[in-house]
Amino acid sequence: MEMNLRMLRLALLLGLALILSACGGNSGGASGGGGAASGGASGGATTIEIGSDGENLAFDKTALTATAGQQVTVRFINNSAVQQHNWVLVQGGEAEAAAVANGGLTAGAAAEYLPADKANVLAHTAVLNGGETGEVTFTAPAAGSYLFICTVPGHYPLMQGTLTVS
Ligand SMILES: [Cu+2]
C-alpha cells in the first residue's frame, strides 16, 4: 500500500516535471519540486544556486525567490579566481544592509566581515576564496523583500540582490 502511494507520488512528480518543461513558463516561482497545492505544509525544501559574476564585483543573479517558512539552502559559488566573496541575507532595507556591511568592514577578516551585532543578519555563508563554493541553510523569513549582499570590503555597493519571499 505504502509502496503504491510512493509510486503514485513519483509518477505525479514526473508528470508535473514534464508539464513544466513542456510549457517552459516560470510563472509559479522557483519553489523547486514543491508542487502547487498538493504539498500542504509550507513548501518543500529548496536549493538555490547563485554565483559571483566572474571577476566582476557582482552576483550572477540579483533576484531570488522563496516561500515563507520554506527550508532554503543557498549554494554560493565564487566564480572569481582572486576575489573573496560571501553571501549575506539582511533583515531590513538599504540602511540596515549598509550597517551590516560597515559593521563587517570594522570587524574585519577574522570576523568573516560580519558585524558584532548580527540582529539583522538572517543567514550567511563563510567568506569564500576564489573558486570555492559554500552553502547555508535557513528557514525563509516572513513574506517580504530582503536584500542579500557581499560584505567583503568594497563589494557591498556593487554586490547586492533581492530575495523575494512570498
Ligand atoms: Cu564580494
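Fair warning: this is a prediction, and the values are worked out from it, not measured in the lab.

(A) Fine view of the nonpolar core. Core analysis: the biggest nonpolar cluster contains 24 residues, and Trp87, Phe138 and Leu163 have the highest contact counts within it. What Leu163 contacts, discounting residues up to four positions off in sequence, is Leu64, Thr65, Ala66, Leu89, Phe138, Gly144, Ser145, Tyr146 and Phe148. One finds Val90, Ala97, Val100 and Val121 within the second-largest nonpolar core, a separate group that totals 10 residues.

(B) Geometry of the coordination of the copper ion. Those protein atoms acting as donors to the copper ion are His85 (ND1), Cys150 (SG), His155 (ND1) and Met159 (SD), and they sit at 2.0 to 2.6 Å. Its four donor atoms give the copper ion angles of 86 to 132° at the centre, a pattern that matches the tetrahedral case. Coordination of the copper ion draws on donor residues from a single chain, spaced H-x64-C-x4-H-x3-M in sequence. Of this pair, His85 sits in the loop between β3 (71-77) and β4 (88-90) while His155 sits in the loop between β7 (144-149) and β8 (160-165), and the two are 70 residues apart along the sequence. Overall, the relative accessible area of 0% leaves His85 in the buried class. Judged by relative accessible area, which is 4%, His155 ranks as buried.

(C) A look at the pairing of β3. Relative to β3, strand β1 (residues 46-51) runs parallel, the two being bridged by six bridges. The residue bridging Gly51 from the neighbouring strand is Ile77, located in β3. One ladder, built from seven bridges, connects β3 with strand β6 (residues 133-139); its direction is antiparallel. In the strand pairing of β6, Thr73 is matched with Thr137.

(D) Up close: the pattern of salt bridges. Counting across every chain of the model gives two salt bridges. Residue Glu49 pairs with Arg75 through a salt bridge whose shortest N-O separation is 3.1 Å. Here Glu49 is found in strand β1, whereas its partner Arg75 is found in strand β3, with 26 residues between them in sequence. The exposure class assigned to Glu49 is partly exposed, which follows from its relative accessible area of 39%. Judged by its relative accessible area of 28%, Arg75 is partly exposed. The salt bridge partner of Arg75 is Glu135, with a shortest N-O separation of 2.7 Å. You can see Arg75 sitting in strand β3 and its partner Glu135 sitting in strand β6, a full 60 residues away along the chain. Where salt bridges share partners, they join Glu49, Arg75 and Glu135 into one cluster.

(E) Fine view of unusual backbone geometry. A positive phi angle, close to 60°, is found at Glu112, a residue other than glycine. Within the fold, Glu112 resides in the loop between α2 (94-107) and β5 (121-124). Judged by its relative accessible area of 30%, Glu112 falls in the partly exposed class.

(F) Looking closely at the sheet that holds β1. Read from one edge of the open sheet, three strands run β1-β3-β6, paired in mixed fashion. Of all the strands in the sheet, the pair left with one neighbour each is β1 and β6. Shown here is a sheet whose adjacent strand axes are inclined to one another by a mean of 20°, direction ignored.

Calculation criteria
Residues numbered from 1 in each chain as written. Predicted model: local features only at pLDDT ≥ 70, side-chain atom pairs only at ≥ 80, totals over all residues. Heavy atoms only, no water. Core = buried A, V, L, I, M, F, W, Y, C linked by side-chain atoms within 4.5 Å. Buried < 20%, exposed > 50% of the residue type's maximum accessible area, 1.4 Å probe, protein only. Contact = heavy atoms within 4.5 Å. Donors = N, O, S within 2.8 Å, 3.2 Å for Na, K, Ca; no water. Tetrahedral: all angles 85-135°; square planar, octahedral: opposite > 155°, others 65-115°. Helix = DSSP H or I, 4+ residues; strand = E, 2+ residues; numbered from the N terminus. Pairing = 2+ DSSP bridges. Salt bridge = Lys/Arg side-chain N within 4 Å of Asp/Glu carboxyl O. Axes fitted to C-alpha atoms, helices over the stretch in contact; angles between N-to-C directions.

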